[in-house]
Amino acid sequence: MDLETLLFSQGFGSRRQCRGLVAEGRVCIGGDVCADPHARISLTPSPEFKVDGHAWTYREKAYIALNKPPGYECSRDPQHHLSIFHLLPPQLIERGVQPVGRLDQDTTGLLLLSDDGAFVHAFTSPKRKVPKLYLATTRHPIDDAQLARLVEGVLLHGETKPSAALAATRRDEHLLELTVQEGKYHQVKRMVAAAGNRVEKLHRERVGGYALPESLAEGAWRWLDETDLAALRDSRTS
Ligand code: URA
């Protein structure tokens, strides 16, 4: 692949802008400035390069975990809040990453994003049944009857079949740990309401077998590697 195409594929702007970056001497490969946009770059191993001193590694597809803060909408065109896209560098937005399912603006925690359409589709498809673990802070104390109802299934307004949690446990009097497979609109909030309680705060801790890393600060993002992607595909719940 030539250098211009490599930069273009990684979200550094139009071909013309990428050519300009190279011609202006702003791109380094292996520690040296490379001013030739047509220089051939081997993709194995994944090349590392710098643009304006910032280090990047070539990635064919982008897989991202974001620790979503409250007050951000999972939309490019937010109505009332900031957009989660404000938390990402322009290169990722230019590459067309999109959220893998959505979280409500007030929900925090693990949000996946990717520019791999097949991956996004597979993980959001109702057929895939990826378990997602949420922590819900509830207004009222959580009792055994509510836990039982959540696992047996509750009928949500406008639905014909009950929605059941894979698991529902009490971490604390007001802290519910709920694992669900579906991804319906306001799924957890509606299920908890139908079980006789109310969600005051909601946090997603895990998708598949991939847990939000403790080291990932609120508002920060990181690349997912092969090990993370394998964990994501692991649908066991414990
Ligand atoms: N369920 C909800 O109610 N909200 C979310 O953001 C995610 C799951």
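Along each chain, numbering runs from 1 in the same order as the chain's sequence is written. A pLDDT threshold of at least 70 governs which residues receive local features in this predicted model, and a stricter bar of 80 or more applies before side-chain atom pairs are shown or counted, although totals over entire chains, interfaces and linings include all residues. Derived side-chain values reflect all non-hydrogen atoms in the structure, with water molecules and hydrogen atoms excluded from consideration.

(A) Up close: the pattern of salt bridges. What makes a salt bridge here is a side-chain nitrogen of Lys or Arg within 4 Å of a carboxyl oxygen of Asp or Glu, nothing more. Counted under the stated rule, the structure contains 15 salt bridges. A salt bridge links Glu200 to Arg139; the nearest nitrogen and oxygen atoms lie 2.6 Å apart. Of this pair, Glu200 sits in strand β13 (residues 199–207) while Arg139 sits in the loop between β10 (132–138) and α5 (144–152), and the two are 61 residues apart along the sequence. Among the residues examined, Arg139 registers a relative accessible area of 44% and is labelled partly exposed. Glu182 is the salt-bridge partner of Lys184, the closest N and O atoms lying 2.9 Å from each other. The partly exposed category is assigned to Lys184, whose relative accessible area is 24%. Residue Glu182 is classed as partly exposed on the basis of its relative accessible area of 29%. A helix here means a DSSP run of H or I that spans at least four residues, while a strand means a run of E at least two residues long, and both kinds are numbered starting from the N terminus. Throughout, exposure labels follow a simple rule: accessible area from a 1.4 Å probe, protein chains only, divided by the maximum for the residue type, with under 20% read as buried, over 50% as exposed, and the rest as partly exposed.

(B) Expanded view of the nonpolar core. Within this scheme, the nonpolar core is defined by two criteria: the residues are buried Ala, Val, Leu, Ile, Met, Phe, Trp, Tyr or Cys, and they are joined through side-chain atoms within 4.5 Å. Formed by 48 residues in total, the largest nonpolar core has its most connected members in Leu7, Leu113, Leu176 and Leu178. Setting aside its immediate chain neighbours within four residues, Leu7 contacts Phe12, Cys18, Val22, Val27, Phe49 and Val51. One finds Val100, Val120, Tyr210 and Leu212 within the second-largest nonpolar core, a separate group that totals 16 residues. Working rule for contacts: check all heavy atoms of both residues, and any pair within 4.5 Å makes them a contact.

(C) Quick peek at the site of the ligand. Every residue close to the ligand is listed here: Leu103, Asp104, Thr107, Tyr134, His186, Gln187, Val188, Lys189 and Leu202. Take His186: an N or O atom from its main chain is 3.2 Å from an oxygen atom of the ligand. Polar contact is the term for a pair of N or O atoms within 3.5 Å; when the atoms are in protein, one must be able to donate a hydrogen and the other to accept it, and sequence-neighboring residues count only if both atoms are side-chain atoms. Here a nitrogen atom of the ligand sits 3.0 Å away from a polar atom, N or O, in the main chain of Val188. Relative to its unbound accessible surface of 240 Å², the ligand loses 95% to contact with the protein. Among the elements that make up the shell around the ligand, the one with the highest residue count is helix α6 (residues 187–194) (3 residues). Split into classes, the residues belonging to the shell around the ligand amount to 4 nonpolar, 3 polar and 2 charged. Residue assignment places the shell around the ligand across two domains, with domain 2 (63–126 + 212–232) and domain 3 (131–207) each supplying three or more. Nearness here has a simple test: a residue counts as near a molecule or strand if at least one of its heavy atoms is within 4 Å of that partner. Note on areas: Shrake-Rupley with a 1.4 Å probe; residue coverage comes only from the protein chains shown. Three classes are used: nonpolar for Ala, Val, Leu, Ile, Met, Phe, Trp, Tyr, Cys and Pro, charged for Asp, Glu, Lys and Arg, and polar for all others, with Gly counted as polar. Reported domain spans reflect what an automatic or database domain assignment gives.

(D) The arrangement of the packing of aromatic side chains in detail. Side-chain rings of Phe, Tyr and Trp (the six-membered ring for Trp) are treated as a pair once their centres are within 6.5 Å; stacked means planes under 30 degrees apart, edge-to-face means over 60, and tilted covers the remaining angles. Scanning the entire structure with this criterion turns up 5 aromatic pairs. Geometrically, the ring pair formed by Phe119 and Phe123 is tilted, given 4.8 Å between the ring centres and 40° between the ring planes. Within this pair, Phe119 and its partner Phe123 are both found in helix α4 (residues 117–124), separated by 4 residues, close to a single helical turn. Joined through ring pairs, the aromatic side chains of Phe12, Phe49 and Trp56 make up one cluster.

(E) A look at the domain arrangement of the chain. Domain boundaries in the chain define domain 1 (3–57), domain 2 (63–126 + 212–232) and domain 3 (131–207). Look at where the C-alpha atoms of domain 1 and domain 2 centre, and you get two points 26 Å apart. Tallying the contact residues gives 6 residues for domain 1 and 6 residues for domain 2. Carbon and sulfur atoms make up 62% of the surface buried where domain 1 meets domain 2, a total of about 500 Å² over both sides. Contact with domain 2 buries surface across domain 1, with Gln10, Gly11 and Trp56 losing the most and accounting together for 73% of the total. Scanning the region where domain 1 abuts domain 2 turns up 0 salt bridges. Counting every contact that joins domain 1 to domain 2 gives 1 residue pair in polar contact (both at pLDDT 80 or more). Computed with a 1.4 Å rolling probe, the buried area is the accessible surface lost when two parts are put together, summed over both parts.

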